[in-house]
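Here are the chains, one letter per residue:
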Amino acid sequence: MVVHEPGSWFGETLSSLGAQDYPNLRTLFLLTGDQPEVRVGIEQRVPDAIVVSLGDDPGFGPAANEALKLVEGAGFFCFLHDDVALDRSAVSELVAETYRSNAGIVGPKLVDWDRPDVLQHVGLSADRLGVVLDACEPGEIDQEQHDAVRDVFSVPTACLLVRIDLFRALGGFAPDIDYYGDDLDLCWRAHLSGARVLVVPDARVRHRERLPERRPDLDPIALTERHGLRTSLSAPTVVHLVGLAVLHLFYFLTGAVVGLVTGQARRVRAMIGAGFWQLVRLPALVGRRRRFQATRAVSDAEVASLQGVRGSARLREYRRERAARRAGRTGRLSELGGDLRSQVGGEDARTNVVIWIVVIAVLVIGVRQLVLGSVPQDGELLAWPAGPSVLLREYLGGWWSQGLGGTRSIPSGMAWSALLGLVTFGADGLPRTLLVVTPLLIGAIGIWRLVRPIGSSQAAAAGLAVYVTAPLAANAVGTGSLSGLLAYGALPWVIHLLARIHAAPPFVGAAGMGPRARRLRRADVLVLAGITAAVGAFVPPFALVMLGAALALALGSVVVGDRAGSGRMVVEALVAAVIAGFLNLPWVFGLLPPAPAWTIFGTVPRDPQRLGLGSLAAFDFGPNKIAALSVVMALPLLVALVVARSHRFAWAGRAVVLGTAGLAVAWLADRGTLASSPLLIPLFLTPYAIALALGATCFVAAFQNDVRGTTLSWRQLAGVAAFAGLIIGVVPVLPALADGRFGLQGDRRAALLALLPAPPPGASSRVLWIGPPEQVPLPGWPLADKLVYALADDQSATLRERWREEPTSAESLIAQDLDLAASESTDRLGRLLGPMSVRFLLVPAPVAASTAAPASAPSIVDALDRQLDLRRVELGDDSLVAFENTAWIPVRAVATGATAAASRQAGPEALSRADLGATEPALPSPQPTTGAGSVPDNSSVLLSEAVDPGWQLTVGGRTESRRTAFGWATAWDVAAGGNASLRYRTSPSRYVLVALQVLLWIALLVLVRTWRHGPPLSRWRARRRVATSTTAAVLDLGASGPAGSQSAPVGVGGGASPDAAPTDWGGDA
Amino acid sequence: MTLRRLPLVALAALVVAVVVADRSHPEAVSPPTYGASPIGQSTPALVDSTGVLSTSWFCPGGPTTDGRTTFLTLFNSNDDAREVALSAVTEGGRTGRRTLVLPPRNRSVLSLGSLAVGEDTAATVTVYGAGVAVEQTVAGRSGVDTTPCADATSSTWYLADGSTTSDAALRLVLYNPFPNDAVVDVSLTTVERTVEPPDLQGAVVPGHSVRLFDLAQAAQREQVVSTAVSSRGAELVASRIESADNPSRRGFWSKLAAARPAQTWWFPDGAKGADASEQFVLYNPGDADASVELSFLPAGGTGAPPAGAPAPGAAPTTATTPGSAPASTDQTANSSLVEPVSEVVPAGTFLVVDVNSEKAVANGRHSTVINVVGDQTPVVAERVLTRQVSGRAATTVLLGSQLAVTDWYVIDEVASHGGGNLVIMNSAGLATTAAVKAIGPAGAVDVPGLSSIAIPAGGAADVPIPPSAGGFPLLVQVAQPVVVEWQAPVTLGDNTSHVTSLAFPVVGN
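Right, let's walk through the structure included here. (Residues numbered from 1 in each chain as written. Chains lettered and ligands numbered in written order. Predicted model: local features only at pLDDT ≥ 70, side-chain atom pairs only at ≥ 80, totals over all residues. Heavy atoms only, no water.)

1. With respect to unusual backbone geometry
Only a minority of non-glycine residues have a phi that is not negative, and only a minority of peptide bonds are not trans.
Then step 1. Along the chain, Pro505 of chain A connects to Pro506 of chain A via a cis peptide bond; the corresponding omega equals 5 degrees.
Then step 2. Assignment of secondary structure puts Pro506 of chain A in the loop between helix H23 (482–502) and helix H24 (515–536).
Then step 3. Residue Phe742 of chain A is not a glycine yet carries a positive backbone phi of 50 degrees.
Then step 4. The residue Phe742 of chain A is located in the loop between helix H33 (733–736) and helix H34 (748–752) in this model.
Then step 5. The backbone phi angle of Arg221 of chain B is positive, close to 55 degrees, even though this residue is not glycine. (Helix = DSSP H or I, 4+ residues; strand = E, 2+ residues; numbered from the N terminus.)

Below you can see the structure in the form of structure tokens.
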């Protein structure tokens, strides 16, 4: 018996083993993982048992194979799961029939654990494609109709008796199959070797068969599909393999269509996934086929005659399910639980498919223009900064060229942008499209996973519909709120993870399963940290939103009286936030105090919009103005609050607190109480949208479970009103779909920038934006009178500029220069800004509501108009006033004469007198930290980046001495010209920090994988250890007696701790 | 309903209530004023401030060829030297540059012809620091005139007065000191209509250039023509070069235009009588009629501020003898109150007020305050004053002051050499005293006899500049805001021009 973290039933299992009437039965327990309490329990209940700890969990088949090495002298193996209870004569009957029928493998009649009158398995058939079909129908009552010994193609491994010589000849269970499909694989090889496989109904075994509950990390459908496909491709000869491959292809295509139509989307996904999974493992298939063919004694045709299914087992399965539904047996099936077929979706599958088709249609129609065309620049949806290699080098190099450059920490979002660029093969538009479209789909999937456990498919569909059709997403797209979109996509997953950590019903999951539950919870915390870190790399306040959501859920739990686990959830959310901070090292240092608080939000506070709570509650903050109707979406939540019971009420209560908190924060931001940006309003409203989705789910679930069937009362009337609210609430999405871009029109100023004169060849420059923060298209630094200023590389603002930290001392000079111009203290602003390579000054003006009342340009335009070295550039649009600086210097320039002399001075007094004309672009490069070119004699190389010891210039192989230019920039005086090379030498500490960050991410992924599925290599190692183990036998039945009657440590396992206490398994032991 | 539902229901009800109560109510946000000019007037002024990096003076200039010359007078009021950079450009595109250092408390005179020679040479004087004033003197064939250079550019300029009769010449000078082009529209208002000459619509004044426009070609034989210049693109500077030779108007004028209309204009000098002819040309470029009150303050003072005019203060009345330097401020003022002359200037037109025809105005010298009733219809006001000088009519044209301050500089060399006079106008109801100081290497030194000049309330003092002033720039310091005009005869060949101009007010920044 392979034992893996058993539950309360295990006592009964042990008792049934101890009660067997077969006289020569010896029991060998193979424990996976560290289970000292299990070992003690076994020793107490089955004193003569051999207990072997395998250390890791290699899967059932590989673990069972260990018996080949541990046992000698026996005639049969009877492999058992740890969730079976054998009738007293079960083993005797199996052995007797094996002798009687000269069988190789035999299996008992498996019945349900709780309902022994319901058949579970009486042998299995399989088609040529490896799809298994039960001999009995789902929920079939045992009326002795299958009580005849007969040949079957396969028997489940829950209880499988096999001749040891055959088992050795076959090489045991397939070492590459851990769960699901190992029985089919073994029996198929047995048939190829000419052995018989029988089912012996007189041997009866009760079986829980609830592995999906115990191992939620395993996907039974996907594993069954993969392993079935692998086995079916391993068995036939080459000639038959070709035809089989064609047959598989045909079934993939038809199965996908039929599966979708019949509501078996999960099955279809698993089927297609299995195909790809096998495709990348073709080399392994060759070796596998070799092992299969080595055992071959009969032809494929002969084996096929034994398979028991002519045609498609999948089709017959579907017919059975339909018949079962008609016969009303699905309810019983559902009660039984644990049945694999119920995982497919059952009666809810059609609802699932329909709602998802509708959701995908809504999303596709809604963003069709953004997908087919391009995503215009607006709000936070700025231009893509550069190719992935440039971004990656910039991130690794540690020189942050944003603003006037500096060695400050580069945002982790740049690394993510680089990775996104790599994934999209360096495309410019596709990453932006993905950033807009993907969160919509991911958010929908996330909310589905969140609400699905709470109620039926119809209830989950209501929640999904509310989340997708609420104008939050449409207006987040319409306003270009990248923060809102990312939160929309990520927050449902975050809430789901918090719910799992909380382990509040129905998200109990693996709760109560001891060490495994703890590991799964730890994995959830790490995933939470990973999501928070990834989204927080673009939206720093996301960590605060995550923590706020955890607090709100905890508070809600306290209010609804279900506070168990809520404290743990808050603490672990805090831990996740801290881990997320570490995952964003070293960038997070730039956000910590003494940096101003607004760096968290990425922009200085703006004038409050004062939309009002009513507008916020209706998500009416963007171009989709019919959103007012959406306020009625709150009705289902309110009704659920008063009619729901059980966990539905609890989640409705949590939703109310969560939604209220989100709405309150959004309101404070809207009123200006909370320093924020309008672009963050969607971020704060996302919890509210999730609350509405939860409310809709709870309402429908409550109506189905708590209201329907009761006497007519106000509850039904309230339910009707809430249903009406649901239907009315989705109406606003219809006009929002019309333009195919959710109203995202793009900032017309971005198009105007293309009209600005191009820089000379090889020259790069900067653009200085000045204006109210809501008008400046990128986050700026505070200036005066509620204005901000912002620097952008070249002409168009890119995603790089959306991260904003406190200005450096050099960047603060810009504000001082602007103050001088504004106070009429200079009319040579161009000269002051020239060394900063500011070529254009852009002042956005409010867009006029109508041509009859044109908007007036801000007063700063007057100040710029007064500057003698600024030239107005006519763009033909009042929304943007542009000035060209006639005294600008390229970012990398060679200067001679007066300009070179002027660069040795500092301060605005000197600059205002300086003649900055004698410069030429130099050392061009697309990389921000390198450059090459020729430099003339007796010149100065000027680099308009903040002075830093990392910059190095070599001319003709000589390293030139660096000096400070203009008081803040970098320069080199070159006496003898020649070929020059400019580069930024990255500090080793930067590499260390980046390496640390990468290691942290790898560690996170490995730990998540380990805690969810076991160590990545453990199963491989476990299988390999099992395969190569030379452990001496501990149970030699050919000798004078049992090798030992006490437990003995074997392999990597250790003995039971003296302090370990047996688990209370209950049962009748 | 179980007890545990109550808090949640109450919370939900509270949210609903607030949702209903807090409807959208966006508040009007005042636009930022960052960058707006702190001085809301267009009278050229000397800025006395620290922390100023650079200021520029824009001189539309005049001819520098064919025997005509244009000078710039640069005055440094500071106690330390000032570096200045001059860049000149002619109508033909010639350019010239020069940098020089102005010694402390000193004046430099520079001929624009030494930088670039042309039909009109304009210049920008960039001063690295504050405390410098620049004026230009144009010596034409028929006379000489001096005007402050502009200390700011503007997109609008107005000339209230002008004459295009057969014996007159009127040319508009437009100087664009900026790098980008200016596209200008010029409209001329005559007594009958407003004309927009096609060749003056959308006329381009390229960056760093000066252009001359002969307005007589656009509006011929008009006794009075008002001009409005509107620029798209770059801002610019406008002035006129005008001459006339007829009984009612004789002389040569080169005056800066007004950058913007104003509610109040001050004119320190004026006269009514047989030997004087004074007219005010009031130009209303706006879209609504302007109600204007002209208050004529007898030189001896009224003892009260003019009705409707901004009064810097109120005080007992004093009196002084016109044309003399009063020794005391305790004299009793003329107690007669000024009755303003009310006029209406229709929108888009000008109005000529002939002082001699105003019976309410007493003969003799007076000062004038022109005030617009209400604050929506500012006007531009210029004074055309013809006097008999040496038996010959001499006409001066002066754009009024928009400022009344306590300190004024007279930097013109001719005026301070003696022979000229200062007219100090006090429109307030409080008499005061003025001191005239000569600015020299030793600093500000009182000019003998001018250390305590009584300025009557609501009146003016006409102060002759004695030779003892030594030709130094003069500083007029008064305890309360006044307006100062200087006048001096300038002889050029056979012609003697009577030059008049406002002094430079001193403003802080």
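2. As for the sheet that holds strand E24 (residues 350–354) of chain B
Residue and element names in this part refer to chain B.
Then step 1. Taken together, four strands build an open sheet; the order of strands is E24-E21-E26-E27 and the sheet is antiparallel. Edge positions in the sheet fall to E24 and strand E27 (392–399), since each has one partner strand and no second. Strand-to-strand twist across the sheet, computed as the mean angle between neighbouring axes with direction ignored, equals 20 degrees.
Then step 2. Looking at chain direction, strand E26 (residues 380–389) and E27 are connected through eight bridges and run antiparallel. Residue pairing for E27: Val384 is matched across the bridge by Val397. (Pairing = 2+ DSSP bridges. Axes fitted to C-alpha atoms, helices over the stretch in contact; angles between N-to-C directions.)

3. Some words on the packing of aromatic side chains
Residues and elements named next belong to chain A.
Then step 1. With the rule as written, the count across this model stands at 27 aromatic pairs over all chains.
Then step 2. For the ring pair Phe619 and Tyr688, a centre distance of 5.4 Å and an interplane angle of 40 degrees mean the geometry is tilted. In this pair, Phe619 sits in the loop between helix H28 (613–617) and helix H29 (634–643) while Tyr688 sits in helix H31 (residues 681–707), placing the two residues 69 residues apart along the sequence.
Then step 3. Relative accessible area serves as the criterion here: at 7%, Tyr688 is assigned to the buried category.
Then step 4. Chaining the aromatic ring pairs together yields one cluster made of Phe60, Phe77, Phe79, Phe167 and Phe173.
Then step 5. Over the ring of Tyr395 we find Arg990; its NZ or CZ atom is 4.9 Å from the centre of that ring. (Phe/Tyr/Trp six-rings, centres within 6.5 Å; stacked < 30°, edge-to-face > 60°. Buried < 20%, exposed > 50% of the residue type's maximum accessible area, 1.4 Å probe, protein only. Lys NZ or Arg CZ within 6 Å of the ring centre and 35° of its normal.)

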